[in-house]
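Notes for the structure review
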Amino acid sequence: MTKEELLELIDAWENLPYLLNEITKTPEYYSMLMEIALYSHNKKSWRAAYLIDKINDNHPVLLNPFLNKMIEQVKIEKSHSKKRHFLKLIGQKELPPEQQGFMLDFCMQVFTSYKEDLAVRVHAMQILYNISEKEPELKPEILALIEYEMENHSSAGIISRGNKLVVKLRMQIR
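Only a predicted model underlies this, so the values are computations on that prediction, with no experimental measurement involved. One numbering rule holds for all chains: residues counted from 1, following each sequence as written. Where local features are concerned, this predicted model is filtered to residues with pLDDT of at least 70; where side-chain atom pairs are given and counted, the filter is 80 or more; whole-chain, interface and lining totals use all residues. Calculated side-chain values reflect all of the structure's heavy atoms, with hydrogen atoms and water omitted.

**Some details on the packing of aromatic side chains**
Note the following rule: The aromatic pairing rule takes the rings of Phe, Tyr and Trp, using the six-membered ring of Trp, and pairs them if the centres are within 6.5 Å, calling planes under 30 degrees apart stacked, those over 60 edge-to-face and the rest tilted. Criterion for a charge above a ring: Arg CZ or Lys NZ at most 6 Å from the ring centre, at most 35 degrees from the ring normal.
Using the criterion set out here, one finds 4 aromatic pairs in the structure. A cation sits over an aromatic face here: K75 above F102, 4.6 Å from the ring centre.

Okay, here's the thing in structure tokens:
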């Protein structure tokens, strides 16, 4: 299968179960899928990010070699759909130490931005919490930020994830 064939196949939802099976069996297909997700400007390329998200559920190690590339791409990604999947996936992985500073700043900006989609903001909030697990001195600041956003710019998603994280942070700060 070529990259062009893969891009054509992800265009139809009915092909996704077949692709999930084939891609997990063939590492070069995963690399092609990742290249489409990261760098393609095709309007349906967000489906590649969706597939990577689904593959990650059962084969999380496949993503590891691409984590830094995904972090680099999220800096400039314009597609809200891709950004949502990328941040979700990044939030499920341990951040490389050299990327923590960037991700802290980036996720603070995203979490407090009302131009970002709700799911993107929720995943950014989760990454902020994850960073605070590695850098405990940030916990009070992250807690205050989450509480502020919940109080002043809330939505069901922010409140749901925020309440869970606030409880954890309060317990950890005491």
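Alright, that's what it looks like, and here's the rest.
**Considerations on the nonpolar core**
For clarity, the threshold we go by: We define the nonpolar core as a collection of buried residues of types Ala, Val, Leu, Ile, Met, Phe, Trp, Tyr and Cys that are connected through side-chain atoms lying within 4.5 Å of one another. Only protein chains enter the accessibility calculation, which uses a 1.4 Å probe; a residue is then buried when its area is under 20% of its type maximum, exposed when over 50%, and partly exposed in between. By definition, residues are in contact when any of their heavy atoms lie within 4.5 Å.
Ranked by internal contacts, the top residues of the largest apolar core, which has 54 residues, are I23, L33, L87, I90, M103 and I146. Ignoring any residue separated from it by four or fewer positions in sequence, one finds L33 in contact with L6, I10, I23, A48, L51, I52 and I55.

**Focus: the packing of helix α8 (residues 118-134) against helix α10 (residues 156-173)**
Where we set the bar: A fitted line through C-alpha atoms represents every axis, and for helices the fit uses only the stretch in contact; the resulting angles, taken between N-to-C directions, go from 0 to 180 degrees. In DSSP terms, a helix is any run of H or I states spanning at least four residues, a strand is any run of E spanning at least two, and both are numbered starting from the N terminus. Throughout this description, any angle smaller than 35 degrees is read as roughly parallel, any larger than 145 degrees as roughly antiparallel, any in the 65 to 115 degree range as roughly perpendicular, and the remainder as oblique. Gly is put with the polar residues, along with every residue not named as nonpolar or charged; the nonpolar set is Ala, Val, Leu, Ile, Met, Phe, Trp, Tyr, Cys and Pro, and the charged set is Asp, Glu, Lys and Arg.
Closest axis-to-axis distance for the α8/α10 pair is 10 Å, and the angle between their directions is 10°. With respect to α10, the element α8 is oriented roughly parallel. Seen from α8, the contacting residues are L118, R121, V122, H123, M125, Q126, Y129, S132 and E133; seen from α10, they are G157, I158, R161, G162, L165, K168, L169 and Q172. Residue classes in the contact of α8 with α10 are distributed as 7 nonpolar, 6 polar and 4 charged.

**Re helix α7 (residues 100-111)**
Worth spelling out the cut-off: Expected helix span is given by 1.5 Å per residue-to-residue step, counting one fewer step than there are residues.
Taking 1.5 Å per residue as the helical rise, α7 with its 12 residues ought to reach 16 Å, and the 16 Å between its terminal C-alpha atoms agrees with that figure. Q100, M103, L104, F106, C107, M108, V110 and F111 are the residues of α7 that are buried.

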